[in-house]
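Structural features, examined
Listed here are the chains, written in short residue letters.
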Amino acid sequence: LAKTTQPISMDSYEGQEVNITCSHNNIATNDYITWYQQFPSQGPRFIIQGYKTKVTNEVASLFIPADRKSSTLSLPRVSLSDTAVYYCLVGDATSGSARQLTFGSGTQLTVLP
Amino acid sequence: EAGVAQSPRYKIIEKRQSVAFWCNPISGHATLYWYQQILGQGPKLLIQFQNNGVVDDSQLPKDRFSAERLKGVDSTLKIQPAKLEDSAVYLCASSLDRGGNYGYTFGSGTRLTVV
C-alpha cells in the first residue's frame, strides 16, 4: 500500500490560492490519487481524483507530475469556509478493496480573514 | 439526492455495555463501508460490504465488533462489550462501484463516548 506524506497544517488568507502537496514515492502503476475534505462533526467529502497530469473540477485542481511521486491539490481563492482537514489517498481504486485507500492524518488548513 | 443517513448522532455508554449504530446508504449504492475515526486521526476502515456480502473485514475487531447488511441496503454495526478505547466517531460511507472510482459518500457519523 502506498504511503503518503502531507504537511500537518497550513495557514492561508482569504482570497489566496492554496496548494497542498502530498508525497507518495512508492505509488504503484494502478494507483489513483484521491483527495477528501473533512469539516468538524462531518464525514469526509470527496473533492477530486486523478491518475496523471491535471484534473480540474468546480472545486479544485489536481496536479500530478509525470513521475507521479507527488501530487498537489490546488484550491483557488479560498474563503473562511474552506477551513478543514484535507486528506490525500493513494491506492488502486479499481481493486475493489477499500483497504487499498488508506486515510492518513491529513492537513489542517486554516483560512484567516 | 439524499445522503448517507446515520443514527444515532451521539451515544454515551459505560464500558462493557453494548451499542449499535445504523446506516442507510445512498439509494442504488451497492458498496457500503464502516470506518472508525479516533480524534485527531484519519478514518480507518473496519468493514466493506458489496450488496449483503462482506468484501473485507480484516480490520474489524471480531471479538467485540460485528456488522451486518441485511437485504443489501441498511447496515448495523454493533460493539459488545465496549471498551474505553472504542470512543470514536463511527462513519458509514457508500459508493456506486466497488472500487470507489468516483469517491465515497460519507454520512455525518455517530460519536461514541465510552465512560
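Check the entry above for the structure.
In this report, the structure presented in the accompanying data block is examined. (Residues numbered from 1 in each chain as written. Chains lettered and ligands numbered in written order. Predicted model: local features only at pLDDT ≥ 70, side-chain atom pairs only at ≥ 80, totals over all residues. Heavy atoms only, no water.)

Further remarks concern the overall build of chain A. Of the regular secondary structure elements, chain A holds zero helices and nine strands. In sequence order, chain A lays out its α and β elements as β-β-β-β-β-β-β-β-β. Here the C-alpha atoms of chain A give a radius of gyration of 13 Å, agreeing with the 13 Å that 2.2 N^0.38 yields for 113 residues. Buried positions account for 46% of the 113 residues belonging to chain A. Taking as baseline every contact in chain A between residues at least 6 positions apart, the subset at least 24 positions apart corresponds to 57%. (Helix = DSSP H or I, 4+ residues; strand = E, 2+ residues; numbered from the N terminus. Rg over C-alpha atoms; globule rule 2.2 N^0.38 Å. Buried < 20%, exposed > 50% of the residue type's maximum accessible area, 1.4 Å probe, protein only. Contact = heavy atoms within 4.5 Å.)

Turning our eyes to something else, we now look at the sheet that holds strand β1 (residues 5–7) of chain B. Residue and element names in this part refer to chain B. Read across the open sheet, the four strands follow the order β1-β3-β8-β7; overall the sheet is antiparallel. The two strands at the open ends of the sheet, each matched to only one other strand, are β1 and β7 (65–68). Mean inter-strand twist for the sheet, computed between neighbouring axes without regard to direction, equals 15°. Here four bridges tie β7 to strand β8 (residues 75–79), and the two strands are oriented antiparallel to one another. By the bridge assignment for β8, F65 is matched with I79. (Pairing = 2+ DSSP bridges. Axes fitted to C-alpha atoms, helices over the stretch in contact; angles between N-to-C directions.)

A word on the state of the cysteines. Two cysteines whose sulfur atoms are joined by a covalent bond form what is called a disulfide. Residues and elements named next belong to chain A. Under the criterion given, the structure shown has two disulfides over all chains. Two residues share a disulfide in this structure: C22 and C88, whose sulfurs sit 2.2 Å from each other. An S-S torsion of about -80° defines the bridge between C22 and C88 as left-handed. Placement of C22 in strand β2 (residues 18–23) and of C88 in strand β8 (residues 84–91) is noted, with a sequence separation of 66 residues between them. (Disulfide = S-S within 2.5 Å.)

This part is about the environment of L112 of chain B. Residues and elements named next belong to chain B. Within the secondary structure, L112 is located in strand β11 (residues 110–114). L112 gets classed as buried once you look at its relative accessible area, which sits at 2%. A C-alpha to C-alpha distance of 10 Å links L112 and I38, two positions 74 residues apart in sequence. Other than its neighbours up to four places away in sequence, L112 contacts K11, I13, V19, F21, I79, D86, S87, A88 and Y90.

This paragraph deals with the pairing of strand β4 (residues 31–37) of chain B. In the case of a regular strand, side chains alternate between the two sheet surfaces. Residues and elements named next belong to chain B. Summarising burial for β4: seven of the seven residues are buried, a large majority. Of the pairings in the sheet, the one linking β4 to strand β5 (residues 44–50) comprises six bridges and is antiparallel in character. Counted as the bridge partner of Q36 is K44 from β5. Remark: six residues form the turn of the hairpin made by β4 and β5, two consecutive strands paired antiparallel; G40 in that turn has positive phi of roughly 85°. Here seven bridges tie β4 to strand β9 (residues 88–95), and the two strands are oriented antiparallel to one another.

As a volume, the largest pocket reaches approximately 510 Å³. What lines the largest pocket is a set of 30 residues, and nearest its centre among them are Q38 and S41 of chain A together with Q37, L39 and R111 of chain B. Contributing elements (two or more residues each) for the lining of the largest pocket: β8 of chain A together with β9 and β11 of chain B. Here the lining of the largest pocket takes four residues from β11 of chain B, the largest share from any one element. (1 Å grid on protein atoms, 1.4 Å probe; cavity = no way out; pocket = protein on both sides within 12 Å on 5 of 7 lines; lining within 4 Å. Points joined across faces, edges and corners; volume = space filled by probe spheres on them.)

Next up on the list: the pattern of salt bridges. Between side chains of opposite charge, a pair can form as their charged atoms come close. All names here are of chain B. Per the stated rule, a full pass over the model turns up two salt bridges over all chains. Linking R64 and D86 is a salt bridge whose minimum nitrogen-to-oxygen distance equals 2.5 Å. Of the two residues, R64 is situated in the loop between β6 (53–56) and β7 and D86 in the loop between β8 and β9; the sequence distance between them amounts to 22 residues. By relative accessible area, which is 11% here, R64 ends up buried. (Salt bridge = Lys/Arg side-chain N within 4 Å of Asp/Glu carboxyl O.)

Residue and element names in this part refer to chain B. Only one face of strand β3 (residues 19–24) is covered, namely the one carrying V19, F21 and C23; the face carrying A20, W22 and N24 has none of its residues buried. Across three bridges, β1 lies against β3 in antiparallel orientation. The residue of β3 that forms the bridge with Q6 is C23. Both β3 and β8 contribute to a ladder of five bridges, which runs antiparallel. By the bridge assignment for β8, F21 is matched with L77.

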